[in-house]
Structure formats: structure tokens, C-alpha cells
Amino acid sequence: MNDRFGLQPQPQPQPRKAKPRILWLLAGPLVGGILTHWWDLILLDKYYSLDTLFNSHVVDGDFIYFAEVAPKLRRHKRIVGLDEDDSSWSDGIDVWFPKPDEDDNERYQRHRSEDDGECISMHSWQESSFPSCNLIHEMDFFSKYRPGGDVTHVTHGGFNELYRYKDRYINSTGSIASISLAVKILKYEKDYTAHKFGVVRQDAVTLERLSKSPYIYNLYGYCGFALVVPFVTGGNLNDKLYDWRHGDIEISSRERLQYAVDMARGLRDLHDIDGDGVPSATHGDLKEHQYLFGEDGRLQLGDFNKGQFLSKSSTTGKPCTYKPPSTTYNDKVFRSPEEYMNIQQTAATDIFAFGSLMYYLLTRQRVWEGMTSSKYRDKVRKLIIEGKRPEIKDTILKSQDPVDVALKKAYEMCSAYDPEKRVSAKEVAEFLEGVWKQLY
Ligand SMILES: *[C@@H]1O[C@H](CO)[C@@H](O)[C@H](O)[C@H]1NC(C)=O
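Residues numbered from 1 in each chain as written. Predicted model: local features only at pLDDT ≥ 70, side-chain atom pairs only at ≥ 80, totals over all residues. Heavy atoms only, no water.

### What about unusual backbone geometry?
Thinking step 1. Despite not being glycine, Asn-342 has its phi angle at roughly 60°, a positive value.
Thinking step 2. Within the secondary structure layout, Asn-342 lies in the loop between helix H9 (337-340) and helix H10 (348-363).
Thinking step 3. Judged by relative accessible area, which is 29%, Asn-342 ranks as partly exposed.
Thinking step 4. Non-glycine residue Trp-368 carries a positive phi angle of around 55°. (Helix = DSSP H or I, 4+ residues; strand = E, 2+ residues; numbered from the N terminus. Buried < 20%, exposed > 50% of the residue type's maximum accessible area, 1.4 Å probe, protein only.)

Structure representation (C-alpha cells):
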């Protein structure tokens with residue numbers, strides 16, 4: 001037939017197969033999805049400790065670890081229970097109940113009073129906690145943790161990772177406003193022990209009790225090993241004083257006194273949580289790093305991880321002293337003789353550390369400047385135990401600047417060798433406030 005018309009069959013253009021096209025269409029998101037998922041896992045690994053945020057709950061003081069999101073990653077996590085055998089696993093939920101750390105009383109040797117009474121809690125709040133886990137679970141970490149997202153990793157200390165969390169809310173005028181929060185959470189590589197649980201609880205409970213004080217920073221949430229606190233952009237006092245010490249900035253006398261007043265008020269409020277003038281908690285790690293510049297430029301104290309809830313004698317009601325395990329000793333050289341002598345301590349230990357801060361504001365130098373490295377550590381500690389004091393330049397000793405005079409006085413009030421002779425935080429705060437009222 002074709003021959004007859006002299007025509008050859010013309011190859012018809014083949015319709016392109018639809019199938020591969022559809023496949024490619026499917027493959028795109030599929031590959032994308034796998035890559036995203038893979039990337040998520042990498043990120044999740046990076047932002048590992050957030051995992052614990054999604055998954056931890058505190059119920060009546062018991063810590064429950066939910067393994068619902070990242071069971072693969074959970075594998076890397078070492079959960080150290082006091083009795084791991086008690087952990088049960090069912091339907092993807094791993095439940096771990098730590099018992100109160102029995103070692104704790106041994107570790108922090110409570111000193112029994114002369115009369116041999118027991119050391120008991122001063123206040124019931126010392127044994128409580130106020131977790132707000134729902135609030136923390138409502139924070140959308142999972143979709144926000146990407147770099148450049150609303151959750152970013154900021155830094156880490158010896159104990160915690162610090163994340164910045166940008167939260168949005170509808171403000172009173174109906175607009176969307178945002179606030180930056182800091183999420184502090186136990187470092188991933190740390191073991192989850194009842195002891196650490198107690199340390200975080202102590203920080204949280206102290207902050208909660210002190211939410212009434214404008215000189216202590218706020219607590220927005222607490223759950224398990226996580227705290228949500230304000231994210232400050234004003235930096236901390238250490239950064240400020242560092243720049244000052246190195247001559248990069250000037251700090252006026254007025255500012256120095258303002259700092260001293262605010263710092264003393266923070267410590268005063270900590271040492272008088274219950275308003276009865278009897279310290280029931282200590283800071284234990286008081287230094288310039290622990291004071292943050294709040295929104296209005298006011299210094300606020302925080303970080304109560306190393307503090308102590310003080311107990312009292314069951315018979316006399318007098319405060320019990322305590323002695324932390326020597327392994328927790330601060331390696332710095334601005335602390336009290338009793339700490340370096342490894343003997344019993346009281347809230348007056350914080351006062352000595354506060355004196356070192358007054359010295360800094362007075363002299364533009366840290367105590368034992370030039371000898372603060374570990375090389376001189378033992379030497380300086382020996383000097384402190386012997387009752388020696390760091391030098392103060394003649395020009396400062398003779399200074400007529402009333403702020404210098406006041407800071408020198410505050411330093412002396414706080415750095416008495418005998419803890420009993422040191423002033424209370426309330427006294428030093430009142431003294432500094434008095435000077436402030438006179439001058440400004
Ligand atoms: C509410 O938020 C808007 C947008 O961030 C802001 O401009 C405004 O000042 C806020 N109003 C109040 C009362 O905070």
C-alpha cells in the first residue's frame with residue numbers, strides 16, 4: 001500500500017513517556033525529603049540536648065524521659081539512674097525515677113551543732129520544686145532549631161549549654177512582638193544523675209523564690225534539666241570590668257557605686273529569701289560573671305548551681321554550717337580562707353567573695369592581679385589562709401574620691417578573716433545605699 005503511493009512510513013514522534021516524568025516529579029521531593037531528614041538528623045545531633053527538652057517531664061519530683069522523637073540519638077545518651085534496673089521500657093517510653101541522692105548529705109557534710117541535734121531544712125520550699133514542663137513543651141524547638149532560625153546555640157559552660165530562643169507573642173496593642181529567652185540545659189555529655197537533677201532544681205527553686213527581687217534575674221520556665229531565663233544582650237559584669245581593666249573603656253565613679261549598690265542588693269535578697277534575716281541559701285560561686293546587665297542596665301544576679309540550701313539544728317534552730325566536697329572547690333584565688341582551709345562554711349563565705357568584687361571596683365584590678373593563673377594558685381591560697389591581703393596602690397588608698405573611700409570601706413567590711421566578723425549582705429547593701437543617697 002505504501003509503495004503504491006510512493007510513500008514511506010514516516011516515523012512518528014514518539015510521545016514522551018509520562019511515567020519517568022512522574023517518577024522524577026516524585027523523586028525530587030523524595031530525595032529532598034531524605035536529604036532533609038538526613039540533615040535534620042545531623043542538626044539534631046548538633047542540637048542534641050534540645051532532644052531532652054522535647055522529651056523530659058518532671059512529675060512530682062520524678063524525672064521521666066520520653067523517647068518519642070529521636071530513639072536513634074537517644075542511644076548515645078547515657079542515662080545514669082541510681083538503680084538502672086528499675087527503668088522500664090514500654091511503648092517507646094523510657095521511665096526513669098531517680099531516688100534522692102543519698103550521697104548528697106555525705107558530700108556536703110552538714111555540721112551538727114554542739115547539742116548534737118539533726119540538721120533539718122529551714123524551710124519547706126528548700127525541698128520543693130515548681131516545674132513548668134507544659135510551658136517548655138509548648139516552646140516549638142523542633143521546627144525552630146535550624147541555623148538562622150529562632151533557636152540558636154549560643155555557648156556552653158562547664159555544666160550547661162545555652163540556647164537563644166526567640167519567642168513571639170501578641171502584645172497589648174495587638175501586634176506581634178518578640179522576646180529573646182535563654183534556655184539553659186545540662187550538657188548532653190553529662191550523665192543524668194539525681195545529683196545533677198538536684199543541682200538544677202536548686203538553681204530553679206532559688207530563682208523562683210527570688211522572682212520578687214528586681215536584682216535577681218527572672219525565671220520563665222523550668223523542667224528537668226532545663227531552665228528558661230531572660231536572654232540578656234547587655235552582657236555581664238565580667239565583660240565590662242575586663243574592658244575597663246584593659247583601658248578600653250572608662251567607668252565613672254558614679255557607675256562604680258551604682259554597680260556596687262545593685263550587686264549588694266542582689267546578694268542581700270539572696271541571703272534573705274524569707275525576710276527573716278537568716279540566710280537560707282548561699283550562692284557559692286559569687287563572681288563578676290554572675291551579674292548580668294538587665295534591660296534597664298541594672299545588674300542582676302543569678303546562677304545558683306553551686307549554692308547551698310542551708311539547714312538548721314533541729315533542737316536549737318541555729319543554722320548548720322556545711323562543707324562542700326573538696327573536689328567542688330573553685331580553682332580561683334578570690335575566695336575565702338575557710339574555703340581554702342577546707343573547713344565548715346556559712347553564708348559569710350559569699351560575703352568574702354563579695355569583698356573581692358568591691359576590691360575590683362575600687363582598684364581596677366582583680367584581687368591578686370598577676371597571680372590569678374593556676375601557676376600561682378597554691379601560693380596565693382597559702383597567703384589567703386595566712387590572712388594576707390592583696391595590695392592596694394597608695395594613690396587609691398589616699399584617694400579623696402568618696403566612691404573610692406566607700407568601696408574601700410565595703411571591701412574591708414566584707415573581707416574580715418573571721419567569718420563571724422564579716423558583715424551581712426544586708427549591712428553592706430545598707431552602707432552602700434547610704435553613700436549613694438548622700439552623693440547622688
Ligand atoms: C507591640 O509590638 C509592636 C511591634 O513589635 C511595637 O511596635 C509596639 O511598640 C508594641 N507595643 C507595646 C505596647 O509594647
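### What to know about the sheet that holds strand S11 (residues 226-230)
Thinking step 1. One open sheet holds the 5 strands; their spatial order is S7-S8-S9-S11-S10, and the pairing between them is antiparallel. Every other strand in the sheet has two partners, leaving strand S7 (151-156) and strand S10 (221-223) as the edge strands with one partner each. Across this sheet, the average inter-strand angle for adjacent strands is 25°, counted without regard to direction.
Thinking step 2. In terms of strand pairing, strand S9 (residues 176-186) meets S11 through 5 bridges, oriented antiparallel. Note on S11: the bridge partner recorded for Lys-184 is Leu-227.
Thinking step 3. Here helix H6 (residues 194-209) sits on the sheet and contacts S9, S10 and S11; the angle it forms with S11, its principal contact strand, is near 30°. (Pairing = 2+ DSSP bridges. Axes fitted to C-alpha atoms, helices over the stretch in contact; angles between N-to-C directions. Contact = heavy atoms within 4.5 Å.)

### Some points on the pairing of S9
Thinking step 1. The element S9 is extensively covered by neighbouring structure, given that 8 of its 11 residues are classed as buried.
Thinking step 2. The turn linking strand S8 (residues 160-170) back onto S9 is made up of 5 residues, and Gly-174 within it adopts a positive phi angle of 85°.

### Some points on the packing of helix H8 (residues 253-271) against helix H13 (residues 402-414)
Thinking step 1. For the pair H8 and H13, the least separation of the axes is 9 Å and the interaxial angle reads 30°. When the axis of H8 is compared with that of H13, the two are roughly parallel. Crossing of H8 over H13 shows left-handed handedness. From H8, Ser-253, Arg-256, Leu-257 and Ala-260 reach across to H13, where they touch Val-403, Asp-404 and Leu-407.
Thinking step 2. In terms of residue class, the contact of H8 with H13 is built from 4 nonpolar, 1 polar and 2 charged. (Parallel < 35°, antiparallel > 145°, perpendicular 65-115°, else oblique. Left-handed = near helix turned anticlockwise from the far one by under 90°. Nonpolar A, V, L, I, M, F, W, Y, C, P; charged D, E, K, R; others polar.)

### Description of the site of the ligand
Thinking step 1. Taken together, Asn-171, Ser-172, Thr-173, Ser-175, Ile-176 and Ala-177 are the residues near the ligand.
Thinking step 2. Here Asn-171 contributes a side-chain N or O atom positioned 2.4 Å from an oxygen atom of the ligand.
Thinking step 3. A distance of 3.5 Å separates an oxygen atom of the ligand from a polar backbone atom of Ile-176. (Near = heavy atom within 4 Å. Polar contact = N/O pair within 3.5 Å; in protein donor to acceptor, adjacent residues only side chain to side chain.)

### Some details on the nonpolar core
Thinking step 1. With 74 residues, the main nonpolar core has Met-263, Tyr-291, Phe-354, Met-358 and Leu-432 as its most contacted residues.
Thinking step 2. Per element, the largest residue contribution to this core is 9 residues, and it comes from H10.
Thinking step 3. When residues of this core are assigned to domains, at least three map to each of domain 1 (133-230) and domain 2 (237-439).
Thinking step 4. Those residues in contact with Leu-432, other than ones at most four positions away along the chain, are Leu-257, Ala-260, Val-261, Ala-264, Met-358 and Ala-410.
Thinking step 5. If you look at the next biggest cluster of nonpolar residues, it comprises 14 residues, including Val-151, Tyr-165, Val-183 and Cys-223. (Core = buried A, V, L, I, M, F, W, Y, C linked by side-chain atoms within 4.5 Å. Domains from an automatic or database assignment.)

### Comments concerning H8
Side chains of residues three or four places apart in an α-helix project in the same direction, reflecting 3.6 residues per turn.
Thinking step 1. Helix length check: H8, at 19 residues, gives a terminal C-alpha distance of 27 Å against a target of 27 Å (1.5 Å per residue), a fit within 8%.
Thinking step 2. Counting buried residues in H8 gives 15 out of 19 residues, a clear majority hidden from the surface. (Expected span 1.5 Å × (residues − 1).)

### Things to note about the confidence of the model for the protein
Low-pLDDT stretches of the model should not have their predicted coordinates read in fine detail.
Thinking step 1. Residues with a pLDDT of 70 or more make up 72% of the protein, whose mean pLDDT is 79.
Thinking step 2. For the stretch residues 42-107, pLDDT sits under 50, and the model shows 142 contacts to residues farther than four places along the chain or on other chains. (pLDDT = per-residue confidence, 0-100.)

### Details of the pattern of salt bridges
Thinking step 1. Throughout the structure, instances matching the rule amount to 25 salt bridges.
Thinking step 2. Of the charged contacts in the structure, one is a salt bridge between Arg-377 and Asp-378, with a shortest N-O distance of 3.7 Å.
Thinking step 3. Classification of Arg-377 as partly exposed rests on a relative accessible area of 28%.
Thinking step 4. On the accessibility criterion, Asp-378 (55% relative accessible area) is exposed.
Thinking step 5. When salt bridges that share partners are traced, they join Asp-262, Arg-265, Arg-268, Asp-269 and Glu-433 into one network. (Salt bridge = Lys/Arg side-chain N within 4 Å of Asp/Glu carboxyl O.)

### Concerning the environment of Glu-412
Thinking step 1. Within the secondary structure, Glu-412 is located in helix H13.
Thinking step 2. Sequence separation of Glu-412 and Met-358 is 54 residues, and the distance between their C-alpha atoms is 9.0 Å.

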